Amino acid sequence: MRWIRAAGRGLLVLVVVLAGYVASGARAGEADADGRGPLTLATAGDLTGYLGSVLEGWNRTHPEERVTLVELPDSADETRAQMITDLRGAERGRFDVLNIDVSWTSEFAAAGWIRPLPRDRFPLGTFLPRVVNTATYDGRLYAVPYVTNAGLLLYRKDVLAEEGVPPPRTWAELERAARTLAPRHGLDGYAGQFLPYEGLTVNAAEAVYSAGGTILGDEGERVTVNSRAAREGIGFLARGVREGWIPKEALTYKEEESKQAFQDGRLLFLRNWPYAYVAATAPGSKVAGRVGAVPLPGPDGPGTSVLGGSNLAVSSHARHPDSAARLIAYLTSERVQRQVLTRGALPPVRAALYDDPGLVRRFPYLPTLRESVLAAAPRPKSPHYDQVSLVVQAVVHDAMTGRQTPEAAVRRLARELAAVSSR
């Protein structure tokens, strides 16, 4: 197994590159008759280093189908851009199997960059039900779920216990505690990922979904955001900044910055992915032993998370598509999915693992995460998802910084998304 470093700060990227290798008995640029041969795999970052050992297991038992890892830049936007540059090339590119963000599946499929996959080659029936939808486009399977994710509300259970207050289930309860209890303990109230990037799209979509609204319908062909629910959801976020229970500093937070603020003991509440819970409860964390996690709240009860995670897709130019499918089946097997959780601290797609008593003891947030995943909704599906996300980020950030009212922001969202959808 080789490691390739691309320009940039570099997170590990699982790229199953079925290109650029000469298989035994085949000339460069030709596929073996059985579609098997060496691979290269790319993902947007292996922060825990578990993938190396996972792929070493594959390489030991599949010496003629060895996998090479390619490391792409840290930023998801940069990773996506480099993948698209490779996939658009007239010549067969480096990347064959791509570990793509779930929100990219529709875009890549509509552009013809990834190939449809046969459902019967993969154990889709063993996955959490919601996740398979993220891998489809226009009724066909174009990828296979690899990692899932859902937002959780982390909270300081020591503070709430001292005040005799249960974890919030509604926005009103969250707002009241963030506004009144947090200052008494020298804490800021609530934060998410509010810098204008993909994380803000996620946070905004969760607010709209939790209020009962949607952003797009019909695979991105219909704009549905102009609603009372969208005004309520965006208004909730804007009100938090205006009233101070969301600190202005949170407008600069991405996942890592917000995680660090909570881990350093500066926040009462944090919306983040489960990895932040693992970090906050680890030895050395300033809040270890004092952290709880519940589903995201909504206006009248538990809210709706955006379904996160990544899917494994095969490039349309893949030279060894059968090996690519075999590798994907290996990476989604129960044995490897267990390692995804235990070594990578990432939420697996296999449903049975969430009921495993040993895993629940080790990862006590699993039942809450399962509940959140099953109630989650995907980001807006669109072949122009990158443009959709940019519009949402810009408009919602303007609302949160007070440049626009929530009502004006929703009207602007509807106009600008309609322009994107008509392209």
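Before going into details, it helps to say that this report is about the structure given with it. This structure is a prediction, so every number in the text was calculated from the model and none was measured. Every residue gets a number counted from 1 within its own chain, in the order that chain's sequence is written. Residue-level local features of this predicted model are given only where pLDDT is at least 70; pairs of side-chain atoms are given and counted only at 80 or more, and the full residue set underlies all totals for whole chains, interfaces and linings. As a rule here, side-chain values come from all non-hydrogen atoms in the structure, and water together with hydrogens is ignored.

1. Observations regarding the overall build of the protein chain
Reasoning step 1: Comment: elements are numbered from the N terminus, with helices defined as DSSP H or I runs of at least four residues and strands as E runs of at least two. Scanning the protein chain for helices and strands turns up 16 helices and 15 strands.
Reasoning step 2: Accessible area is worked out with a 1.4 Å probe on protein chains only. A residue is then buried under 20% of its type maximum, exposed over 50%, and partly exposed in between. Counting over 423 residues, the protein chain shows a buried share of 60%.
Reasoning step 3: Contacts in the protein chain between residues at least 24 apart in sequence constitute 75% of all its contacts with a sequence separation of at least 6.
Reasoning step 4: In this charge count, Lys and Arg are treated as positive and Asp and Glu as negative; neither His nor the chain ends contribute. By convention, the point assigned to a charge is CZ for Arg, NZ for Lys, CD for Glu and CG for Asp. Put simply, the protein chain has 50 plus and 46 minus side-chain charges, and the middle of one group is 1 Å from the middle of the other. Two residues qualify as a contact provided that any one of their heavy atoms is within 4.5 Å of a heavy atom in the partner residue.

2. A few points about the packing of aromatic side chains
Reasoning step 1: Ring geometry is summarised as follows: Phe, Tyr and Trp rings, the Trp one being its six-membered ring, pair when their centres sit within 6.5 Å, and such pairs are stacked at plane angles under 30 degrees, edge-to-face over 60 and tilted between the two. Tallied over the full model, the rule gives nine aromatic pairs.
Reasoning step 2: Summarising the aromatic geometry, the rings of Phe108 and Trp113 are spaced 5.3 Å apart at their centres and angled 80° between planes, so their arrangement reads as edge-to-face.
Reasoning step 3: Classification of Phe108 by relative accessible area gives buried; the value is 0%.
Reasoning step 4: Exposure remark for Trp113: the relative accessible area of 12% places this residue in the buried category.
Reasoning step 5: Where Phe363 meets Tyr365, the ring centres are 6.2 Å apart and the plane angle is 80°; that geometry is what we call edge-to-face. Here the two residues Phe363 and Tyr365 agree in accessibility, since each one is buried.
Reasoning step 6: Two conditions define a charge located above a ring, namely a distance within 6 Å from the ring centre to NZ of Lys or CZ of Arg, and an angle within 35 degrees of the ring normal. When the ring centre of Trp273 is taken as reference, the NZ or CZ atom of Arg271 above it lies at 4.3 Å.

3. Points about the pairing of strand E14 (residues 291-295)
Reasoning step 1: Along E14, five of the five residues are buried, which leaves the element largely enclosed by surrounding structure.
Reasoning step 2: By this definition, two strands are paired if DSSP reports at least two bridges between them. Bridge analysis of strand E9 (residues 152-156) against E14 gives five bridges, and the strand direction is antiparallel. Looking at the pairing, Arg156 lines up with Val291 of E14.

4. What about the environment of His384?
Reasoning step 1: Among the secondary structure elements, His384 is positioned in the loop between helix H14 (366-374) and helix H15 (385-400).
Reasoning step 2: Between the alpha carbons of His384 and Ser106 there is a distance of 8.5 Å; along the sequence they are 278 residues apart.
Reasoning step 3: The contact partners of His384, leaving out residues within four places of it in the chain, are Val420 and Arg423.

5. Things to note about the sheet that holds E9
What links the strands of a sheet is backbone hydrogen bonding, and the strands pair in either a parallel or an antiparallel sense.
Reasoning step 1: An order of E10-E13-E9-E14 is seen for the four strands of this open sheet, with the pairing classed as mixed. Only two strands of the sheet have a single partner each, and these edge strands are strand E10 (188-191) and E14. The average angle at which neighbouring strand axes cross in this sheet is 15°, direction not considered.
Reasoning step 2: Note: E10 against strand E13 (residues 267-272), three bridges, orientation parallel. Within E13, the residue paired with Tyr190 across the bridge is Phe269.
Reasoning step 3: Each of E9, E10 and E13 is contacted by helix H6 (residues 171-184), which is oriented at about 145° to E13, the strand it contacts most. What counts as an axis is a line fitted to C-alpha atoms, over the stretch in contact for a helix, and the angles between N-to-C directions run from 0 to 180 degrees.

6. Observations regarding the environment of Ile114
Reasoning step 1: The topology assignment puts Ile114 in the loop between helix H3 (105-110) and helix H4 (129-132).
Reasoning step 2: According to the relative accessible area criterion, Ile114 is buried, its value standing at 2%.
Reasoning step 3: Between the alpha carbons of Ile114 and Leu87 there is a distance of 8.5 Å; along the sequence they are 27 residues apart.
Reasoning step 4: When sequence neighbours within four positions are dropped, the list of residues in contact with Ile114 reads Leu98, Ile100, Thr105, Phe108, Ala109, Tyr142, Ala313, Val314, Ser315 and Ser316.

7. Notes on helix H12 (residues 334-342)
Side chains that are three or four residues apart share a direction in an α-helix, a result of its 3.6 residues per turn.
Reasoning step 1: What H12 keeps buried is the set Val336, Gln337, Gln339, Val340 and Leu341.
Reasoning step 2: Close packing links the buried residues of H12 with helix H1 (51-61), strand E8 (144-150), helix H11 (321-331), helix H13 (357-362) and H14.

8. Side note on the pattern of salt bridges
Reasoning step 1: Only one rule defines a salt bridge in this text: a Lys or Arg side-chain nitrogen within 4 Å of an Asp or Glu carboxyl oxygen. Enumeration according to the criterion identifies 24 salt bridges in this entry.
Reasoning step 2: For Arg326, the salt bridge goes to Glu65, with nearest N and O atoms at 2.9 Å. Taken together, the positions of Arg326 in helix H11 and Glu65 in the loop between H1 and strand E4 (67-72) put the pair 261 residues apart, joining distant regions of the chain.
Reasoning step 3: Judged by relative accessible area, Arg326 falls into the partly exposed class, the value being 23%.
Reasoning step 4: Put simply, Arg228 and Glu232 hold a salt bridge, and the shortest N to O gap is 2.6 Å. You can see Arg228 and its partner Glu232 sitting in helix H8 (residues 228-243), four residues apart, about one turn around the helix.
Reasoning step 5: Among the residues examined, Glu232 registers a relative accessible area of 31% and is labelled partly exposed.
Reasoning step 6: A single network of salt bridges, built from pairs that share partners, joins Asp398, Arg403, Arg412 and Glu416.

9. Regarding the side chain of Thr170
Reasoning step 1: Examined against the element boundaries, Thr170 turns out to sit in the loop between helix H5 (157-163) and H6.
Reasoning step 2: Take Thr170: its relative accessible area is 13%, and that puts it in the buried class.
Reasoning step 3: Contacts of Thr170, omitting those with residues within four sequence positions, involve Pro297, Gly298, Pro299, Asp300 and Gly301.

10. Notes on the side chain of Lys259
Reasoning step 1: By the secondary structure assignment, Lys259 is in helix H9 (residues 255-263).
Reasoning step 2: Overall, Lys259 belongs to the buried group, its relative accessible area being 8%.
Reasoning step 3: Residue contacts for Lys259: discarding those within four places in its chain leaves Leu270, Asn272, Tyr275, Ala276 and Ala279.

Take it as geometry only, folks, not as evidence of what the structure does.
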